[in-house]
Amino acid sequence: LTIESDRVRYNVILKSKLGCDKHFEWLKNNHSRTVGKSTLNILSIKNKNFVKDFSVDGFYGYTALFTQEFASKELTQRDEVAVVEQDFIMKTNYVVPRDVQNAIIPNRNLDRMDQKDSVLDGEYEFPDTADDLIMFLNYSGIFKEHSEFGGRAKSGGFFCDNCTSDDDENGHGTNVAGIVAGKNFGVAKKSTLISIRVLDQNGNGNVSVVSAGVLSEFDISALAGTSQAAPFVTGTIALIIAKDGNTSPKKMATVLKDLSIKNAVDFGGNKTVEKGTPNNLVRVPAP
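- For the protein chain, an unreviewed UniProt entry supplies the name 4740_t:CDS:1 and the organism Racocetra fulgida.
- UniProt's Sequence similarities (unreviewed entry) comment on the protein chain is quoted here verbatim: "Belongs to the peptidase S8 family."

Written out as C-alpha coordinates, the structure reads:
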(Lines give C-alpha, C1' and ligand atoms only; values in the text may rest on other atoms or scores of the structure.)
Protein backbone atom coordinates (compact mmCIF):
# COMPACT_ATOMS: atom_id res chain seq x y z
CA LEU A 1 0.00 0.00 0.00
CA THR A 2 3.00 2.30 0.33
CA ILE A 3 3.87 2.11 -3.35
CA GLU A 4 2.07 4.93 -5.15
CA SER A 5 1.75 3.04 -8.44
CA ASP A 6 0.10 -0.01 -6.84
CA ARG A 7 -3.64 -0.32 -6.96
CA VAL A 8 -5.58 -0.94 -3.78
CA ARG A 9 -9.27 -1.54 -3.20
CA TYR A 10 -11.53 1.47 -2.75
CA ASN A 11 -15.23 1.62 -1.98
CA VAL A 12 -17.04 4.54 -3.59
CA ILE A 13 -20.50 5.75 -2.51
CA LEU A 14 -22.48 7.90 -4.96
CA LYS A 15 -25.11 10.49 -4.16
CA SER A 16 -27.96 9.35 -6.43
CA LYS A 17 -29.09 6.97 -9.16
CA LEU A 18 -28.58 9.73 -11.72
CA GLY A 19 -25.05 10.26 -10.42
CA CYS A 20 -24.47 6.51 -10.50
CA ASP A 21 -25.26 6.21 -14.20
CA LYS A 22 -23.19 9.29 -15.01
CA HIS A 23 -20.24 8.05 -12.98
CA PHE A 24 -20.16 4.55 -14.49
CA GLU A 25 -20.31 6.04 -17.98
CA TRP A 26 -17.32 8.25 -17.09
CA LEU A 27 -15.37 5.22 -15.86
CA LYS A 28 -16.15 3.28 -19.05
CA ASN A 29 -15.33 6.07 -21.49
CA ASN A 30 -12.29 7.65 -19.84
CA HIS A 31 -10.65 4.89 -17.86
CA SER A 32 -11.54 1.68 -19.74
CA ARG A 33 -13.35 0.26 -16.73
CA THR A 34 -15.72 -2.69 -17.10
CA VAL A 35 -18.72 -2.33 -14.79
CA GLY A 36 -20.56 -5.40 -13.54
CA LYS A 37 -23.32 -5.97 -10.99
CA SER A 38 -22.19 -7.87 -7.90
CA THR A 39 -24.49 -10.78 -7.06
CA LEU A 40 -22.41 -12.79 -4.57
CA ASN A 41 -19.50 -10.87 -3.09
CA ILE A 42 -17.30 -7.92 -3.95
CA LEU A 43 -13.96 -8.98 -2.56
CA SER A 44 -12.19 -11.11 -5.15
CA ILE A 45 -11.40 -8.69 -7.96
CA LYS A 46 -8.90 -10.28 -10.35
CA ASN A 47 -9.28 -7.85 -13.24
CA LYS A 48 -7.78 -4.53 -12.19
CA ASN A 49 -10.04 -2.70 -14.64
CA PHE A 50 -13.25 -4.29 -13.34
CA VAL A 51 -15.73 -2.32 -11.23
CA LYS A 52 -18.20 -4.25 -9.05
CA ASP A 53 -21.44 -2.38 -8.53
CA PHE A 54 -23.09 -3.14 -5.16
CA SER A 55 -26.00 -0.67 -5.45
CA VAL A 56 -29.20 -1.81 -3.72
CA ASP A 57 -32.58 -0.10 -3.21
CA GLY A 58 -31.64 3.57 -3.01
CA PHE A 59 -28.02 2.97 -1.99
CA TYR A 60 -25.50 3.44 -4.80
CA GLY A 61 -21.86 2.43 -4.79
CA TYR A 62 -19.14 0.16 -6.09
CA THR A 63 -15.74 -1.27 -5.30
CA ALA A 64 -12.67 -1.31 -7.56
CA LEU A 65 -8.88 -1.21 -7.59
CA PHE A 66 -7.39 2.27 -8.01
CA THR A 67 -4.09 3.95 -7.41
CA GLN A 68 -4.01 6.21 -4.36
CA GLU A 69 -3.26 9.17 -6.63
CA PHE A 70 -6.34 8.53 -8.77
CA ALA A 71 -8.56 8.11 -5.71
CA SER A 72 -7.41 11.33 -4.05
CA LYS A 73 -7.05 13.59 -7.10
CA GLU A 74 -9.89 12.44 -9.38
CA LEU A 75 -12.54 10.40 -7.56
CA THR A 76 -12.91 12.70 -4.57
CA GLN A 77 -13.25 15.75 -6.84
CA ARG A 78 -16.32 14.56 -8.74
CA ASP A 79 -19.66 16.12 -7.82
CA GLU A 80 -21.60 12.85 -7.93
CA VAL A 81 -19.27 11.15 -5.40
CA ALA A 82 -20.26 11.21 -1.73
CA VAL A 83 -17.58 8.98 -0.13
CA VAL A 84 -14.27 7.43 -1.22
CA GLU A 85 -12.96 4.96 1.34
CA GLN A 86 -9.98 2.63 1.18
CA ASP A 87 -11.00 -0.90 2.06
CA PHE A 88 -9.68 -2.56 5.20
CA ILE A 89 -10.28 -5.66 7.30
CA MET A 90 -12.50 -5.39 10.36
CA LYS A 91 -13.57 -7.83 13.07
CA THR A 92 -16.31 -7.76 15.66
CA ASN A 93 -15.02 -7.69 19.22
CA TYR A 94 -17.29 -8.77 22.07
CA VAL A 95 -16.44 -7.21 25.40
CA VAL A 96 -18.20 -9.97 27.38
CA PRO A 97 -19.23 -13.49 26.39
CA ARG A 98 -22.76 -14.17 25.25
CA ASP A 99 -25.28 -14.73 27.97
CA VAL A 100 -29.01 -15.32 28.14
CA GLN A 101 -31.23 -12.79 29.82
CA ASN A 102 -34.83 -13.11 30.89
CA ALA A 103 -37.35 -11.22 28.80
CA ILE A 104 -38.23 -8.33 31.12
CA ILE A 105 -40.46 -5.99 29.15
CA PRO A 106 -39.79 -3.17 29.08
CA ASN A 107 -36.15 -3.83 29.86
CA ARG A 108 -34.18 -1.28 31.84
CA ASN A 109 -32.41 0.13 28.79
CA LEU A 110 -35.65 1.17 27.11
CA ASP A 111 -37.25 2.22 30.38
CA ARG A 112 -34.34 4.58 31.01
CA MET A 113 -34.38 6.37 27.65
CA ASP A 114 -37.94 7.71 27.50
CA GLN A 115 -37.83 9.95 30.59
CA LYS A 116 -35.71 12.59 32.27
CA ASP A 117 -36.23 11.19 35.74
CA SER A 118 -33.62 8.63 36.75
CA VAL A 119 -36.22 6.62 38.67
CA LEU A 120 -37.51 3.86 36.37
CA ASP A 121 -41.29 3.75 35.91
CA GLY A 122 -41.62 0.33 34.26
CA GLU A 123 -42.79 1.76 30.92
CA TYR A 124 -41.32 2.65 27.55
CA GLU A 125 -43.21 5.34 25.64
CA PHE A 126 -42.12 6.23 22.11
CA PRO A 127 -43.56 7.76 18.89
CA ASP A 128 -45.59 5.05 17.16
CA THR A 129 -44.82 6.43 13.70
CA ALA A 130 -41.83 4.52 12.34
CA ASP A 131 -43.70 1.81 10.41
CA ASP A 132 -42.76 3.27 7.02
CA LEU A 133 -39.10 3.87 7.86
CA ILE A 134 -36.45 1.65 6.23
CA MET A 135 -32.97 1.23 7.73
CA PHE A 136 -29.92 -0.49 6.24
CA LEU A 137 -27.76 -2.39 8.75
CA ASN A 138 -24.20 -3.27 7.76
CA TYR A 139 -22.93 -6.09 9.99
CA SER A 140 -22.89 -9.88 9.88
CA GLY A 141 -26.36 -9.94 8.38
CA ILE A 142 -29.70 -10.47 10.12
CA PHE A 143 -31.43 -13.69 11.11
CA LYS A 144 -34.58 -12.49 9.39
CA GLU A 145 -36.87 -15.24 10.74
CA HIS A 146 -36.24 -14.17 14.34
CA SER A 147 -39.44 -13.60 16.29
CA GLU A 148 -38.25 -10.10 17.26
CA PHE A 149 -38.65 -8.82 13.69
CA GLY A 150 -42.06 -10.20 12.74
CA GLY A 151 -41.35 -10.16 9.00
CA ARG A 152 -39.86 -6.63 9.04
CA ALA A 153 -36.29 -7.80 8.24
CA LYS A 154 -35.57 -7.97 4.51
CA SER A 155 -32.66 -9.08 2.31
CA GLY A 156 -30.38 -6.40 0.93
CA GLY A 157 -27.20 -8.19 -0.16
CA PHE A 158 -24.08 -9.98 1.07
CA PHE A 159 -20.54 -8.87 0.30
CA CYS A 160 -18.14 -11.13 2.12
CA ASP A 161 -15.91 -14.04 1.12
CA ASN A 162 -17.34 -17.51 1.76
CA CYS A 163 -20.81 -16.09 2.37
CA THR A 164 -23.70 -17.62 0.44
CA SER A 165 -26.55 -15.52 1.84
CA ASP A 166 -27.20 -12.44 3.98
CA ASP A 167 -28.40 -14.59 6.90
CA ASP A 168 -26.53 -14.00 10.16
CA GLU A 169 -24.10 -16.84 11.01
CA ASN A 170 -22.25 -14.88 13.70
CA GLY A 171 -24.95 -13.29 15.86
CA HIS A 172 -23.60 -9.76 16.03
CA GLY A 173 -25.81 -8.33 13.28
CA THR A 174 -29.00 -9.88 14.63
CA ASN A 175 -28.19 -8.68 18.13
CA VAL A 176 -27.65 -5.12 16.92
CA ALA A 177 -30.78 -5.23 14.75
CA GLY A 178 -32.77 -6.39 17.76
CA ILE A 179 -31.71 -3.29 19.70
CA VAL A 180 -32.56 -1.00 16.79
CA ALA A 181 -35.97 -2.39 15.91
CA GLY A 182 -36.85 -5.58 17.80
CA LYS A 183 -40.48 -6.08 18.83
CA ASN A 184 -39.66 -6.52 22.52
CA PHE A 185 -36.14 -5.17 22.92
CA GLY A 186 -35.93 -2.57 20.15
CA VAL A 187 -36.10 1.22 20.17
CA ALA A 188 -37.96 1.76 16.86
CA LYS A 189 -40.23 -1.27 17.00
CA LYS A 190 -42.09 -0.92 13.68
CA SER A 191 -39.33 0.08 11.26
CA THR A 192 -38.17 -2.17 8.41
CA LEU A 193 -34.61 -3.50 8.43
CA ILE A 194 -32.57 -4.21 5.29
CA SER A 195 -29.75 -6.70 5.90
CA ILE A 196 -26.39 -5.80 4.30
CA ARG A 197 -23.89 -8.48 5.30
CA VAL A 198 -20.14 -7.76 5.23
CA LEU A 199 -18.85 -10.05 8.00
CA ASP A 200 -18.48 -13.83 7.82
CA GLN A 201 -19.45 -16.40 10.46
CA ASN A 202 -16.30 -15.56 12.44
CA GLY A 203 -17.07 -11.84 12.46
CA ASN A 204 -14.33 -11.03 9.93
CA GLY A 205 -14.64 -9.12 6.67
CA ASN A 206 -13.67 -6.22 4.51
CA VAL A 207 -15.50 -2.94 5.03
CA SER A 208 -17.31 -2.74 1.77
CA VAL A 209 -19.73 0.02 2.14
CA VAL A 210 -20.50 1.67 7.44
CA SER A 211 -31.40 -7.61 21.49
CA ALA A 212 -32.03 -10.61 19.51
CA GLY A 213 -29.72 -13.58 19.22
CA VAL A 214 -29.02 -15.97 16.36
CA LEU A 215 -28.96 -19.56 17.64
CA SER A 216 -32.70 -19.93 17.15
CA GLU A 217 -35.66 -17.79 16.18
CA PHE A 218 -36.35 -17.15 19.88
CA ASP A 219 -32.76 -16.82 21.15
CA ILE A 220 -31.84 -13.75 23.20
CA SER A 221 -28.26 -12.61 23.87
CA ALA A 222 -26.83 -9.95 26.16
CA LEU A 223 -23.56 -8.35 25.03
CA ALA A 224 -21.64 -5.22 25.96
CA GLY A 225 -19.48 -2.65 24.20
CA THR A 226 -19.68 0.21 21.73
CA SER A 227 -21.60 -1.79 19.15
CA GLN A 228 -24.31 -2.35 21.76
CA ALA A 229 -24.59 1.37 22.56
CA ALA A 230 -24.65 2.61 18.95
CA PRO A 231 -27.93 0.87 17.94
CA PHE A 232 -29.80 2.64 20.74
CA VAL A 233 -28.80 5.90 19.07
CA THR A 234 -29.70 4.49 15.64
CA GLY A 235 -33.17 3.56 16.82
CA THR A 236 -33.62 6.97 18.42
CA ILE A 237 -32.66 8.69 15.17
CA ALA A 238 -35.21 6.50 13.35
CA LEU A 239 -37.94 7.71 15.71
CA ILE A 240 -36.88 11.34 15.25
CA ILE A 241 -36.96 11.01 11.46
CA ALA A 242 -40.33 9.26 11.53
CA LYS A 243 -41.84 11.94 13.76
CA ASP A 244 -40.24 15.16 12.50
CA GLY A 245 -38.57 14.29 9.18
CA ASN A 246 -34.95 13.86 8.19
CA THR A 247 -32.25 16.51 8.45
CA SER A 248 -28.49 16.90 8.04
CA PRO A 249 -26.11 14.91 10.28
CA LYS A 250 -25.02 18.13 11.99
CA LYS A 251 -28.59 19.15 12.80
CA MET A 252 -29.47 15.61 13.87
CA ALA A 253 -26.56 15.66 16.32
CA THR A 254 -27.99 18.86 17.80
CA VAL A 255 -31.46 17.30 18.09
CA LEU A 256 -29.98 14.26 19.86
CA LYS A 257 -28.05 16.49 22.25
CA ASP A 258 -31.09 18.66 23.01
CA LEU A 259 -33.23 15.58 23.71
CA SER A 260 -30.62 13.84 25.84
CA ILE A 261 -30.51 13.73 29.62
CA LYS A 262 -27.70 16.03 30.75
CA ASN A 263 -25.14 15.10 33.41
CA ALA A 264 -26.58 11.62 33.66
CA VAL A 265 -23.41 9.98 34.97
CA ASP A 266 -21.89 10.80 38.34
CA PHE A 267 -18.11 10.77 37.88
CA GLY A 268 -17.50 10.82 41.61
CA GLY A 269 -15.35 13.94 41.52
CA ASN A 270 -12.93 12.53 38.95
CA LYS A 271 -12.25 15.72 37.01
CA THR A 272 -9.89 13.97 34.58
CA VAL A 273 -12.70 11.76 33.31
CA GLU A 274 -15.31 14.49 33.46
CA LYS A 275 -13.34 17.06 31.47
CA GLY A 276 -14.21 16.95 27.79
CA THR A 277 -16.51 13.95 28.15
CA PRO A 278 -20.04 14.44 26.77
CA ASN A 279 -22.11 13.46 29.79
CA ASN A 280 -25.40 12.91 27.94
CA LEU A 281 -27.74 9.93 28.04
CA VAL A 282 -29.71 9.28 24.86
CA ARG A 283 -33.46 9.87 25.08
CA VAL A 284 -36.22 9.17 22.54
CA PRO A 285 -38.68 11.90 21.49
CA ALA A 286 -42.03 12.03 23.25
CA PRO A 287 -45.00 10.28 21.57
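Structure shown, so let's carry the discussion forward.
Points about the pattern of salt bridges
No. 1: The final tally for this structure, using the stated rule, is 6 salt bridges.
No. 2: A salt bridge links Lys-73 to Glu-69, with the nearest nitrogen and oxygen atoms 3.6 Å apart. Here Lys-73 and its partner Glu-69 are both found in helix α2 (residues 68–73), 4 residues apart, which amounts to about one turn of the helix.
No. 3: Across the pair Lys-144 and Asp-166 runs a salt bridge whose closest N-O atoms are separated by 2.9 Å. A residue pair is termed long-range when its members are at least 10 positions apart, and Lys-144 in the loop between β7 (134–139) and β8 (153–158) and Asp-166 in the loop between β8 and α4 (172–181) qualify at 22 residues.
No. 4: In the salt-bridge network here, residues are joined through shared partners; they are Lys-144, Asp-166 and Asp-167.

Regarding the nonpolar core
Nonpolar side chains tend toward joint burial in soluble globular proteins.
No. 1: Of all hydrophobic cores here, the largest spans 22 residues; its most connected members are Met-113, Tyr-124, Ile-142, Val-187, Leu-193 and Leu-239.
No. 2: Sort the elements by how many residues they give to this core and α4 lands first, with 5 residues.
No. 3: Contacts of Val-187, omitting those with residues within four sequence positions, involve Leu-110, Met-113, Tyr-124, Phe-126, Ile-179, Val-180, Ala-181, Phe-232, Gly-235, Thr-236, Leu-239 and Val-284.
No. 4: Ranked by size, the runner-up nonpolar core spans 17 residues in total, among them Tyr-10, Leu-27, Tyr-60 and Ala-64.

Focus on the pairing of strand β9 (residues 192–197)
Taken residue by residue, a regular strand's side chains alternate between the two faces of the sheet.
No. 1: In terms of residue burial, β9 counts as a mostly covered element, since 6 of its 6 residues are buried.
No. 2: Here β9 shows a buried face lined by Thr-192, Ile-194 and Ile-196 and a second buried face lined by Leu-193, Ser-195 and Arg-197.
No. 3: Here β8 runs beside β9; their pairing, made up of 5 bridges, is parallel. Counted as the bridge partner of Ala-153 is Leu-193 from β9.
No. 4: Crossover handedness for the path β8 to α4 to β9: left-handed.

Examining the packing of aromatic side chains
No. 1: Under the definition given, this model contains 5 aromatic pairs.
No. 2: When the centroid spacing of 5.4 Å and the interplanar angle of 65 degrees are considered together, the rings of Phe-24 and Tyr-62 count as edge-to-face. Separated by 38 residues along the polypeptide, Phe-24 in helix α1 (residues 17–31) and Tyr-62 in strand β4 (residues 60–67) bring together distant segments of the chain.
No. 3: Take Tyr-62: its relative accessible area is 0%, and that puts it in the buried class.
No. 4: Between the aromatic rings of Tyr-124 and Phe-126, the centroid separation amounts to 4.9 Å while the plane-to-plane angle is 15 degrees, which identifies the pairing as stacked. An identical accessibility class is assigned to Tyr-124 and Phe-126; each is buried.
No. 5: Through pairs of rings, three or more aromatic residues link up here, namely Phe-24, Trp-26, Tyr-62, Phe-66 and Phe-70.
No. 6: Above the ring of Trp-26, the side-chain terminus of Arg-78 is found at 4.0 Å from the ring centroid.

Cut-off values and rules
- Residues numbered from 1 in each chain as written.
- Predicted model: local features only at pLDDT ≥ 70, side-chain atom pairs only at ≥ 80, totals over all residues.
- Heavy atoms only, no water.
- UniProt positions renumbered as here; feature names shortened; annotations may be inferred.
- Salt bridge = Lys/Arg side-chain N within 4 Å of Asp/Glu carboxyl O.
- Helix = DSSP H or I, 4+ residues; strand = E, 2+ residues; numbered from the N terminus.
- Core = buried A, V, L, I, M, F, W, Y, C linked by side-chain atoms within 4.5 Å.
- Buried < 20%, exposed > 50% of the residue type's maximum accessible area, 1.4 Å probe, protein only.
- Contact = heavy atoms within 4.5 Å.
- Pairing = 2+ DSSP bridges.
- Right-handed = clockwise from strand over helix to strand, strands pointing away.
- Phe/Tyr/Trp six-rings, centres within 6.5 Å; stacked < 30°, edge-to-face > 60°.
- Lys NZ or Arg CZ within 6 Å of the ring centre and 35° of its normal.

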